[in-house]
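# Understanding the architecture of this molecule
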Amino acid sequence: MTTVAWPPGREPDRSPVHTRNEAFVPLPPQAVWDRLVDAAAWPSWYPNARRVVLTDATLLGPGVEFRWTTLHLRVRCVVDRWEPHRALGWTGRAAGSSGHHRWILTPRPGGTHVLTEETQTGLLPHLGGRWLTRSLLRWHQRWLEGIDGPSSGVPGPGDRLR
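Residues numbered from 1 in each chain as written. Predicted model: local features only at pLDDT ≥ 70, side-chain atom pairs only at ≥ 80, totals over all residues. Heavy atoms only, no water.

## Regarding the overall build of the protein
Helix and strand content of the protein: two helices and seven strands. Taking 15 Å as the expected radius of gyration for a compact globule of 162 residues, we find that the protein reaches 15 Å, a close match to that expectation. Its C-alpha atoms put the protein at 40 × 35 × 35 Å along the principal axes. Approximately 7,900 Å² of the protein is accessible, and the part contributed by carbon and sulfur atoms is 57%. For the protein, the distance from the average position of its 20 positive side-chain charges to the average position of its 14 negative side-chain charges is 7 Å. (Helix = DSSP H or I, 4+ residues; strand = E, 2+ residues; numbered from the N terminus. Rg over C-alpha atoms; globule rule 2.2 N^0.38 Å. Areas by Shrake-Rupley, 256 points an atom, 1.4 Å probe, with all protein chains shown as cover. Lys, Arg positive; Asp, Glu negative; His and termini not counted. Charge placed at Lys NZ, Arg CZ, Asp CG, Glu CD.)

And the structure:
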């Protein structure tokens, strides 16, 4: 487990949905960080990100608010974890759900170990937790895989949002 603390009330043991994906990315932490904080560019390499709009900023940063569409939901988020090249996180709200998403970067020889986790609470996670967990695990893996290069932005046959 990581030593980066969860925001109060967002801990995995208090959430009906908790996902954890990790991968080795053959880029230095600075390069991974640069991709993650450029949220407006996510749709070019992560097909589940659409209509990303930052409020009064061009890149993510401490306290930056952004809105985006993911899993067919419009989500409003605020960056509340900011440790450059190490940890990035935001808390977001959408219809029937509230959650926290975080990225932890650890330098490794030849690249970066990237961990991404999300917790969600609310009516939607309580009612559809199994579906939501499976969907988030699949899509977060795609997000990780896209970090080190552009993608077509077009989901493959197994990537339909079910």
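Let us keep going from here.
## Quick notes on the environment of Arg35
Locating Arg35 in the fold gives a position in helix α1 (residues 29-37). Among the polar contacts listed, one links the side chain of Arg35 to the backbone oxygen of Ile147, at a separation of 2.9 Å. (Polar contact = N/O pair within 3.5 Å; in protein donor to acceptor, adjacent residues only side chain to side chain.)

## What about the environment of Ala23?
For Ala23, the position within the fold is in strand β1 (residues 17-25). When sequence neighbours within four positions are dropped, the list of residues in contact with Ala23 reads Thr112, His113, Val114, Gln141 and Leu144. (Contact = heavy atoms within 4.5 Å.)

## What about the side chain of Ser98?
Mapped onto the elements of the fold, Ser98 is located in strand β6 (residues 97-108). A distance of 3.2 Å separates a polar atom in the side chain of Ser98 from a polar atom in the side chain of Arg93.

## Quick look at the sheet that holds β6
The strand order across the open sheet built from seven strands is β1-β7-β6-β5-β4-β3-β2, with neighbouring strands paired in antiparallel fashion. Two strands close off the open sheet at either side, each with one partner strand: β1 and β2 (50-54). Each strand of the sheet is rotated relative to its neighbour by a mean of 20°, with strand direction disregarded. The pairing of β6 with strand β7 (residues 111-121) spans 11 bridges and is classified as antiparallel. The residue bridging Thr106 from the neighbouring strand is His113, located in β7. Sheet strands touched by α1: β1, β4 (73-83), β5 (87-94), β6 and β7. Its angle to β6, the strand with the most contacts, is close to 160°. Docked against the sheet, helix α2 (residues 123-146) engages β1, β3 (65-70), β4, β5, β6 and β7, running at close to 5° with respect to β1. (Pairing = 2+ DSSP bridges. Axes fitted to C-alpha atoms, helices over the stretch in contact; angles between N-to-C directions.)

Everything listed here is a matter of geometry and, on its own, says nothing about what the molecule does.
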